[in-house]
Amino acid sequence: MGSIWLRELDVWLKDAGLDCEGWPGWQTRSRSSGGFDGVRGIVIHHTAGSSRTPDRDTCRYLYERADTRPIGNVFLARDGKVWIGAAGAANCQGKGGPVMTSTGTVPRDDGNRWMFAVEAGNNGVGEVWPPAQLDAYVTLVATLCRRLGLDPMQDIFTHNSWCQPSCPNRKIDPAGPTPSHPTLGTAGLDRYGRPVIWRHDTFRALVVAEMARTEVIPEATLQLGSQGPSAWRLIEIMDAWGWRKQARPNDGKFLAAEIDAVKVMQAALGAPVTGVYDEPTEAAYRAFGDFLAALAAAQPEAA
Ligand SMILES: [Zn+2]
């Protein structure tokens, strides 16, 4: 039996500003295998349910009535509200994998024990995804990555991409038009009139950007080989100040060009020049931020 239960989910989500509500019994609900064996990844889904079904009816089905209940750990409604259904392992992923994650392999057909599942309300045959739901989707997954120590660039999968290694195209979800987030599912249907299947790498990029946006100053140490939201944020900062010679777009990877950029940053801030974003560099940047904040506070209001 798995021993990992995410009983602070409601606190995490509220803390991130999400509207959420626990479905009665969520803290102790799981599939027959109990808690998670570990949480190595997050899989995003759509329900394929009608937009006319009330959210409470959907939750009752997912968590109380379905033969394979609980289906998914949370239900993301079309208005962006997150209904929490199961703190332990849920049924949802089915056949698929194996996939590599930042913390190890998720074995073939064993996704339920090792990965968190989000079910989002969408009929999957062309219903347009509302912006509030998509914003909440990104915030939700970014919050889970941060709280669970997951790397969004390696640990987020669509149900479609989970299936690809061993049973390609078994599932299409999530799919469908996302006009407010055109990198995901594009603005409409494909040329055959089918909903466009989301690519996990574009969803990952949105989550990385969200984590960077909500993480003001990255913590040391970042160095050659570092990657993920902290590295993404450091590069964003260095680009904003003109410290990085922009060899390539920000991909969240600390490569040779970033060693040079950190040296420029360190020289500008009066920190020891090491090419590693280390604790003295982090401290110097925080002091620089404090100085700028004080300067801003001392300025008269612009008319
Ligand atoms: Zn699915």
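Fair warning: this is a prediction, and the values are worked out from it, not measured in the lab.

S.K.: I tried to follow the overall build of the chain on my own but got confused; where do I start?
M.R.: Per the secondary structure count, the chain includes 10 helices and eight strands. For 303 residues, the compact-globule estimate of 2.2 N^0.38 gives 19 Å, and the C-alpha radius of gyration of the chain, at 21 Å, lies within 12% of that figure. Seen along its three principal axes, the alpha-carbon backbone of the chain occupies a region of about 65 × 50 × 40 Å. Going through the 303 residues of the chain one by one, you find that 43% of them count as buried.

S.K.: Help me understand the nonpolar core in this model?
M.R.: Nonpolar side chains in soluble globular proteins tend to end up buried together. Membership of the largest hydrophobic core comes to 73 residues, with the highest contact counts inside it found for Ile42, Leu76, Val82, Leu140, Val141 and Val207. Once residues within four sequence positions are removed from consideration, leucine 76 is found in contact with Val82, Val118, Ala120, Gly121, Gln133, Ala136, Tyr137 and Leu140.

S.K.: How do you make sense of helix H8 (residues 229-240) when you look at a structure like this?
M.R.: Side chains that are three or four residues apart share a direction in an α-helix, a result of its 3.6 residues per turn. Here H8 contains 12 residues, and its C-alpha end-to-end distance of 16 Å stays within 8% of the 16 Å for a straight helix at 1.5 Å per residue. Where H8 is concerned, the buried positions are Pro229, Ser230, Ala231, Trp232, Arg233, Leu234, Ile235, Ile237 and Met238. Of the residues trailing H8, glycine 242 is marked for its positive phi of about 75°.

S.K.: Teacher, can you tell me more about unusual backbone geometry here?
M.R.: Most peptide bonds take the trans form, and the phi angle of most residues other than glycine is negative. Each neighbour pair has its own omega, and for arginine 69 with proline 70 the value is -10°, a cis peptide bond. Considering the arrangement of structural elements, one finds proline 70 in the loop between helix H2 (55-65) and strand E3 (74-76).

Conventions used here
- Numbering of residues starts from 1 in each chain and follows the order in which that chain's sequence is written.
- Only residues with pLDDT of at least 70 are given local features in this predicted model, and only at 80 or more are side-chain atom pairs given and counted; all residues enter the totals for whole chains, interfaces and linings.
- By definition, any uninterrupted DSSP run of H or I lasting at least four residues is a helix, any uninterrupted run of E lasting at least two residues is a strand, and each is numbered from the N terminus.
- We compute the radius of gyration from the C-alpha atoms alone; for a globule the expected value is 2.2 Å times N to the 0.38, where N is the number of residues.
- Around each residue's C-beta, the other C-beta atoms within 10 Å are counted; 20 or more make the residue buried, 12 or fewer make it exposed, and counts in between make it partly exposed. All C-beta atoms are placed from the backbone.
- Among buried residues, those of type Ala, Val, Leu, Ile, Met, Phe, Trp, Tyr and Cys that are joined through C-beta atoms within 7 Å form a set called a nonpolar core.
- Two residues form a contact once the distance between their C-beta atoms, set from the backbone, is within 7 Å.
- What a helix should span is 1.5 Å times the count of its residues minus one.

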